Amino acid sequence: MVRKKIREYDSKRLLKEHLQKLANIHLPINSAQVTESTDFTELLDKEPWLSSTRLAVKPDMLFGNRGKSGLVELNLDFAHVTQFIEHHLGVEVEIEGRKAPITTFIVEPFIPHDHEYYLSIDSGRLGCTINFSECGGIEIEENWDKVKSVFLPTEKPMTVEAISPLIAPLPLEIRWKIGDFIMGVFAVFQDLDFSFVEMNPFTLVNGEPYPLDMRGELDENAAFKNEDKWGNLEFPLPFGRVLSPEESFIHALNEKTSASLKFILLNPKGRIGNMVAGGGASLIYTDTIGDSGYATEVGNYTEYGGPSEEEMLQLARTILDCATANPDGRKRALLIGGNIANLTDVAATFDGIITALREKKSELKAAKMHIYVRRGGPNYQTGLEKMRAVGEELGVPVEVYGPEATMTGICNRAIECIES
């Protein structure tokens with residue numbers, strides 16, 4: 001599971017749309033997203049409620065404690081909302097030690113309310129934990145002892161009995177209304193492959209649950225089956241995260257292809273580079289090195305699936321440029337390959353990698369690079385033979401393994417290399 005945060009605007013959009021479909025619960029939520037490209041005249045035409053409703057406005061930038069940071073304004077008319085946005089748009093703020101400009105806002109109706117509740121659902125390996133409190137709001141951390149929790153194993157369905165410990169203390173007139181809401185949110189959570197949902201707070205408007213603040217995380221690996229359900233969804237970078245030129249290049253390449261190409265530069269000075277296929281294998285390689293005490297030596301995270309030879313060449317060039325930069329006389333290691341492919345032609349994929357290796361021959365030697373290849377799948381024997389041959393040509397140590405070798409074992413070989 002790759003948990004990716006989404007904006008509050010998208011969390012509420014998905015909840016409203018699918019809560020109606022899955023649980024027949026209508027949420028009278030209106031919200032508008034504002035960025036530097038927003039034309040306020042066009043926005044008013046699209047969302048006419050903005051001119052007739054008292055409003056709330058806040059940044060939608062994947063960070064919390066917006067109220068405590070003085071970044072939430074309530075009970076405004078649209079003119080004052082635009083003033084607030086114009087005053088803060090592009091202004092750099094510091095949140096928990098991270099600095100970045102504010103680029104995105106969410107505007108909603110201002111909802112006067114008397115009581116605030118808390119709800120979250122968190123997915124784990126064996127099931128989901130559902131948390132609920134009658135004391136929601138900005139002080140939830142200080143009042144966490146008042147939060148009630150239940151664990152629902154993966155194999156068990158959601159039932160009223162499962163959540164009864166959460167809602168039993170509530171007054172009877174709202175108990176089942178909130179119970180139905182929690183069950184409906186859980187249905188959306190599962191159907192859309194959310195990994196985390198939090199509403200802090202939600203309240204009751206005319207007796208109906210209404211989320212005031214909401215954040216969500218989706219399982220990015222489930223994108224292939226949720227394209228229609230998620231709609232036009234953006235996975236924004238975490239607050240304060242800025243793409244390096246190499247990351248921007250691969251991101252742009254990924255946007256233009258049906259293949260999957262991902263590259264994250266973790267430590268430019270790291271001495272272990274990764275050129276690994278598949279998200280599962282990439283996580284195993286990275287986690288194994290980290291669990292062995294060498295997390296700071298991991299130069300990059302990479303995963304790819306189904307690239308053409310040219311796309312693989314571009315990705316490999318980028319990885320090698322980073323892995324060989326600024327040689328310091330110490331040994332370095334490069335992990336190539338991954339798990340056992342199902343459909344990918346291993347030999348064809350390796351052709352792009354081999355071209356990049358030949359291009360970077362002098363850089364590899366200067367960086368004292370040791371290369372460790374491990375791969376299985378269609379045509380893997382041919383691919384491995386090509387790798388053995390290019391190793392002799394490059395004049396750098398290249399160890400080549402098939403599926404008989406373990407991925408964790410290959411990681412250990414890399415660690416032994418940089419420590420020798």
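Note that the structure is a prediction, hence the values are computed from the model and not measured. (Residues numbered from 1 in each chain as written. Predicted model: local features only at pLDDT ≥ 70, side-chain atom pairs only at ≥ 80, totals over all residues. Heavy atoms only, no water.)

**What about a nonpolar patch on the surface?**
Thought 1: Taken together, the side chains of Val160, Leu172 and Trp176 define a hydrophobic patch exposed on the protein surface, amounting to about 280 Å² of accessible area.
Thought 2: Position of tryptophan 176 relative to the elements: it lies in helix H5 (residues 172-191).
Thought 3: Its relative accessible area of 38% is what places tryptophan 176 among the partly exposed residues. (Patch = residues over 30% accessible without salt bridge, like charges linked within 9 Å, V, L, I, M, F, W, Y side chains within 5 Å. Areas by Shrake-Rupley, 256 points an atom, 1.4 Å probe, with all protein chains shown as cover. Salt bridge = Lys/Arg side-chain N within 4 Å of Asp/Glu carboxyl O. Helix = DSSP H or I, 4+ residues; strand = E, 2+ residues; numbered from the N terminus. Buried < 20%, exposed > 50% of the residue type's maximum accessible area, 1.4 Å probe, protein only.)

**Digging into the packing of helix H1 (residues 8-23) against H5**
Thought 1: Two elements in contact, H1 and H5, have axes whose closest approach is 9 Å; the angle formed by their N-to-C orientations is 105°. Of the possible angle classes, the one that applies to H1 and H5 is roughly perpendicular. Here H1 contributes Leu14, Leu15, His18, Leu19, Leu22 and Ala23 to the contact with H5, which in turn contributes Phe181, Gly184, Val185, Ala187, Val188 and Asp191.
Thought 2: Among the residues making up the contact of H1 with H5, the classes are represented as nine nonpolar, two polar and one charged. (Axes fitted to C-alpha atoms, helices over the stretch in contact; angles between N-to-C directions. Parallel < 35°, antiparallel > 145°, perpendicular 65-115°, else oblique. Contact = heavy atoms within 4.5 Å. Nonpolar A, V, L, I, M, F, W, Y, C, P; charged D, E, K, R; others polar.)

**Observations concerning unusual backbone geometry**
Thought 1: Residue proline 201 follows asparagine 200 across a cis peptide bond; omega there is 5°.
Thought 2: Along the chain, proline 201 falls in strand S11 (residues 194-205).
Thought 3: Even without being a glycine, asparagine 206 presents a positive backbone phi close to 55°.
Thought 4: You can see asparagine 206 is positioned in the loop between S11 and strand S12 (208-211).
Thought 5: A relative accessible area of 78% places asparagine 206 in the exposed class.
Thought 6: Positive phi values are uncommon outside glycine, yet asparagine 326 reaches one of about 50°.
Thought 7: Judged by relative accessible area, asparagine 326 falls into the exposed class, the value being 64%.

**Here's the deal with the sheet that holds strand S18 (residues 369-376)**
Where strands meet in a sheet, backbone hydrogen bonds hold them as pairs that are either parallel or antiparallel.
Thought 1: Strand order across the open sheet formed by four strands is S15-S17-S18-S19, with parallel pairing between neighbours. Since the sheet does not close on itself, it has two edges, and those belong to strand S15 (272-277) and strand S19 (398-401), each with one partner. Strand after strand, the sheet turns through a mean of 10° between neighbouring axes, direction not considered.
Thought 2: Helix H8 (residues 279-294) contacts S15, strand S17 (332-340) and S18 of the sheet and is inclined by roughly 155° relative to S15. (Pairing = 2+ DSSP bridges.)

**Digging into the sheet that holds strand S4 (residues 73-76)**
Thought 1: Read from one edge to the other, the open sheet built from four strands follows the order S2-S7-S3-S4, with strand pairing classed as antiparallel. The two strands at the open ends of the sheet, each matched to only one other strand, are strand S2 (32-35) and S4. Going across the sheet, the axis of each strand differs from the next one's by a mean of 25°, ignoring polarity.
Thought 2: With two bridges joining them, strand S3 (residues 55-59) and S4 adopt antiparallel strand pairing. Its bridge partner lying in S4, leucine 55 is registered against leucine 76.
Thought 3: Helix-sheet contacts for H1 involve S2, S3 and strand S7 (104-109), and the interaxial angle to S7 is about 45°.

**A closer look at the side chain of serine 31**
Thought 1: Tracing the backbone through its elements, the reader meets serine 31 in the loop between H1 and S2.
Thought 2: Residue classification places serine 31 among the buried positions, given a relative accessible area of 13%.
Thought 3: Beyond its immediate sequence surroundings of up to four residues, serine 31 is in contact with Tyr9, Glu47, Trp49, Ile106, Val107 and Glu108.

**Regarding the pairing of S7**
Thought 1: The element S7 is extensively covered by neighbouring structure, given that six of its six residues are classed as buried.
Thought 2: Here four bridges tie S2 to S7, and the two strands are oriented antiparallel to one another. Bridge pairing in S7 places threonine 35 opposite threonine 104.

**Overview of the pairing of strand S5 (residues 92-95)**
In summary, the side chains of a regular strand alternate between the two faces of the sheet.
Thought 1: Here S5 shows one buried face, formed by Val93 and Ile95, and one open face, formed by Glu92 and Glu94.
Thought 2: Where S5 meets strand S6 (residues 98-101), four bridges bridge the pair, whose relative direction is antiparallel. Residue pairing in the sheet places glutamate 92 in a bridge with proline 101 of S6.
Thought 3: Where S5 folds back on S6, the antiparallel hairpin that results is connected by two residues, among which glutamate 96 adopts a positive phi of roughly 50°.

**Section: the packing of aromatic side chains**
Thought 1: Using the criterion set out here, one finds eleven aromatic pairs in the structure.
Thought 2: Seen in terms of ring centroids, tyrosine 118 and tryptophan 144 are 5.4 Å apart; in terms of plane orientation they differ by 80°. Their pairing is edge-to-face. Pair noted here: tyrosine 118 is in strand S8 (residues 117-123) and tryptophan 144 is in the loop between strand S9 (127-133) and strand S10 (148-153), with a separation of 26 residues, a long-range link.
Thought 3: When the ring of phenylalanine 186 is compared with that of phenylalanine 189, the centres are 6.2 Å apart and the planes differ by 10°; the resulting orientation is stacked. Separated by three residues within a single helix, phenylalanine 186 and phenylalanine 189 lie in helix H5, roughly one turn from each other. (Phe/Tyr/Trp six-rings, centres within 6.5 Å; stacked < 30°, edge-to-face > 60°.)

**Details of the UniProt feature "domain: ATP-citrate synthase ATP-grasp" (unreviewed entry) in the protein chain**
Thought 1: Per the UniProt entry, the sites bearing "domain: ATP-citrate synthase ATP-grasp" (unreviewed entry) are residues 3-230 in this numbering.
Thought 2: Overall, residues 3-230 shows 31% helix and 32% strand. The separation of its end C-alpha atoms is 15 Å. (UniProt positions renumbered as here; feature names shortened; annotations may be inferred.)

**Some points on H8**
Thought 1: Buried residues of H8: Ala281, Ser282, Tyr285, Thr286, Thr288 and Ile289, and no others. Along the long axis of H8, the arc covered by the buried residues comes to 155°, so they all point the same way.
Thought 2: Elements in contact with the buried residues of H8: S15, strand S16 (300-305), S17, S18 and helix H13 (407-419). (Arc of directions from axis to C-beta.)

**Some words on the packing of helix H9 (residues 309-323) against helix H10 (residues 346-359)**
Thought 1: Contact pair H9 / H10: the axes reach a minimum separation of 8 Å and the direction vectors enclose 40°. By the angle class used here, H9 and H10 are oblique. Seen along the crossing, H9 lies across H10 with a hand that is right-handed. Here H9 contributes Glu309, Met312, Leu313, Ala316, Arg317 and Leu320 to the contact with H10, which in turn contributes Ala348, Thr349, Asp351, Gly352, Ile353, Thr355, Ala356, Leu357 and Glu359.
Thought 2: Its residues assigned to classes, the contact of H9 with H10 comprises eight nonpolar, three polar and four charged. (Left-handed = near helix turned anticlockwise from the far one by under 90°.)

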